[in-house]
Each structure stands twice: as structure tokens, then as C-alpha cells.
Amino acid sequence: MNEKTYNIGVEATMEIIGGKWKPVILCHLRNQPRRSSELLQRIPKISQKVLTAQLRELENDGIINRKIYQEIPPRVEYSLSEYGQSLNKILNLLCLWGEDNIDRRQTAGESIQSNKKRQPTRLPFCLS
């Protein structure tokens, strides 16, 4: 087994949840289990191949659980593991920062569209 060296803690975090799609997937699993087809609908720009690979990596890292129902056809659901739920605060802060960034860029005149609107209570829109 190779020894890993991290110079700063964020390196270890990004090794697990880094990349374009993992934080998005995790946000969609925060409130309830989801099937792969549901995730594809909610994340329209991700391919089935990439989604499957990202889900496998998150499962291997203990961040999500994969539950197979003995039905015909088989049904598979993904949910945050107990360990994965420890990421909720981080994901919430990323959502808030992203919303503030969108507001800042729109105020600066950049043409940006957001498909979800922030709650009046200042909850990030990825919580819904």
C-alpha cells in the first residue's frame, strides 16, 4: 500500500469530493435516496457513464450507500452514508458561496441564469 502525503487538509477533502460532478451528486442525495435515473434527470449535463463512475467512487470511499431491492426489474437507490452526512455543512457553504457568486456576477452585468431561486430565509437552493 502506498503512503499518501497531504500538505493541507483540503487536499484530502478534494481527493474524495473533488471534480465537476461529485458535489452536485451529493447535494441531490442530501434529503432523500435517489435512483440513478432520478439523478440523470436532475443533473441533465452528466452522462450515464460518468454518473455511474462517480457513484462507484463515492461508494468505495464510504460517502454513499447503494441499496439493491430484490425486485424485477431490480431497483437500486443511492443515499448518503452516515459518514457522507458529515459533508452537509461543507455542501451548504458551497451552495451559499455559489449563490453569492451568481449574484455578484449578475450585478456586474454578466448574463447568468439560475434555474432555482433562493429561499427568502436565505437557505441555499440546493437544500430543496
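Scope of this entry: the structure provided in the associated data block. All values reported here derive from a predicted model rather than from experimental measurement. The residue numbering used here restarts from 1 in each chain and proceeds along that chain's sequence as written. The predicted nature of this model means local features are confined to residues of pLDDT at least 70 and side-chain atom pairs, given and counted, to a pLDDT of 80 or more, with totals for whole chains, interfaces and linings taken over all residues. As a rule here, side-chain values come from all non-hydrogen atoms in the structure, and water together with hydrogens is ignored.

### Some details on the nonpolar core
Reasoning step 1: Counting residues in each nonpolar core, the largest one holds 20 residues, and the members touching the most others are I25, L26, L29, L55 and I64.
Reasoning step 2: Sorting the residues of this core by element identifies α2 (22-29), α4 (48-60), β2 (75-80) and α6 (88-107) as the ones contributing at least two each.
Reasoning step 3: For this core, the element with the highest residue contribution is α2, accounting for four residues.
Reasoning step 4: For L29, the contacting residues outside a window of four places in its chain are R34, L39, I64, Y78 and L80. Here, nonpolar core means buried Ala, Val, Leu, Ile, Met, Phe, Trp, Tyr and Cys residues that are tied together by side-chain atoms lying within 4.5 Å of each other. Exposure classes here rest on a 1.4 Å probe applied to the protein chains alone. A residue is buried below 20% of its type maximum, exposed above 50%, and partly exposed in between. The numbering of helices and of strands both runs from the N terminus, where a helix is a DSSP run of H or I of at least 4 residues and a strand a run of E of at least 2. Every residue pair with non-hydrogen atoms within 4.5 Å of one another is taken to be in contact.

### Here we look at unusual backbone geometry
Reasoning step 1: Following I72, the chain continues into P73 via a peptide bond in cis, with omega recorded as -5°.
Reasoning step 2: Here P73 is to be found in the loop between β1 (64-69) and β2.

### Regarding the packing of helix α1 (residues 9-17) against α2
Reasoning step 1: Helix axes use the C-alpha atoms of the stretch in contact, all axes being lines fitted to C-alpha atoms, and the angles between their N-to-C directions lie in the range 0 to 180 degrees. Following both chains from N to C, one finds α1 and α2 inclined at 75°, their axes separated by 9 Å at the closest point. Here α2 runs roughly perpendicular to α1, going by the angle between their axes. Packed against α1, whose contacting residues are E15, I16 and I17, the element α2 presents K22, P23 and L26 at the interface.
Reasoning step 2: Here the term charged refers only to Asp, Glu, Lys and Arg, the term nonpolar to Ala, Val, Leu, Ile, Met, Phe, Trp, Tyr, Cys and Pro, and the term polar to all other amino acids, Gly among them. Along the lines of polarity and charge, the residues of the contact of α1 with α2 split into four nonpolar, no polar and two charged. The labels follow the angle: roughly parallel below 35 degrees, roughly antiparallel above 145, roughly perpendicular from 65 to 115, and oblique for the rest.

### Let's talk about the pairing of β2
Reasoning step 1: Whether two strands pair depends on DSSP finding at least two bridges between them. Where β1 lies against β2, six bridges are found, and the strand directions are antiparallel. Looking at β2, one finds that Y69 is bridged to R75.
Reasoning step 2: Hairpin remark: β1 followed by β2, antiparallel, with five residues in the connecting loop.

### Let's talk about the packing of aromatic side chains
Reasoning step 1: Stacked, tilted and edge-to-face pairs are distinguished by plane angle, under 30 degrees for stacked and over 60 for edge-to-face with tilted covering the rest, among Phe, Tyr and Trp rings (Trp via its six-membered ring) whose centres lie within 6.5 Å. Here the structure, examined in full by the defined rule, presents zero aromatic pairs.
Reasoning step 2: The cationic tip of R75 hangs over the ring face of Y69; the distance from NZ or CZ to the ring centre is 3.7 Å. Only Lys NZ and Arg CZ are tested; either one counts as a charge over a ring when it is within 6 Å of the ring centre and within 35 degrees of the ring normal.

### Observations concerning a nonpolar patch on the surface
Reasoning step 1: Here the term patch refers to residues with relative accessible area over 30% and no salt bridge, with like charges joined within 9 Å and nonpolar side chains (Val, Leu, Ile, Met, Phe, Trp, Tyr) within 5 Å. Surface accessibility follows the Shrake-Rupley procedure with a 1.4 Å probe radius. Residue values consider only the protein chains on display as shielding. By definition, a salt bridge exists where a carboxyl oxygen of Asp or Glu is found within 4 Å of a side-chain nitrogen of Lys or Arg. A cluster of nonpolar side chains, I8, V10 and M14, forms an exposed patch at the surface whose accessible area comes to about 280 Å².
Reasoning step 2: Counting through the fold element by element, V10 comes out in helix α1.

### Here's the deal with α2
Reasoning step 1: Among the residues of α2, those classed as buried are K22, I25, L26, C27 and L29.
Reasoning step 2: Against α1, α3 (36-42), α4, β1, β2 and α6 lie the buried residues of α2.

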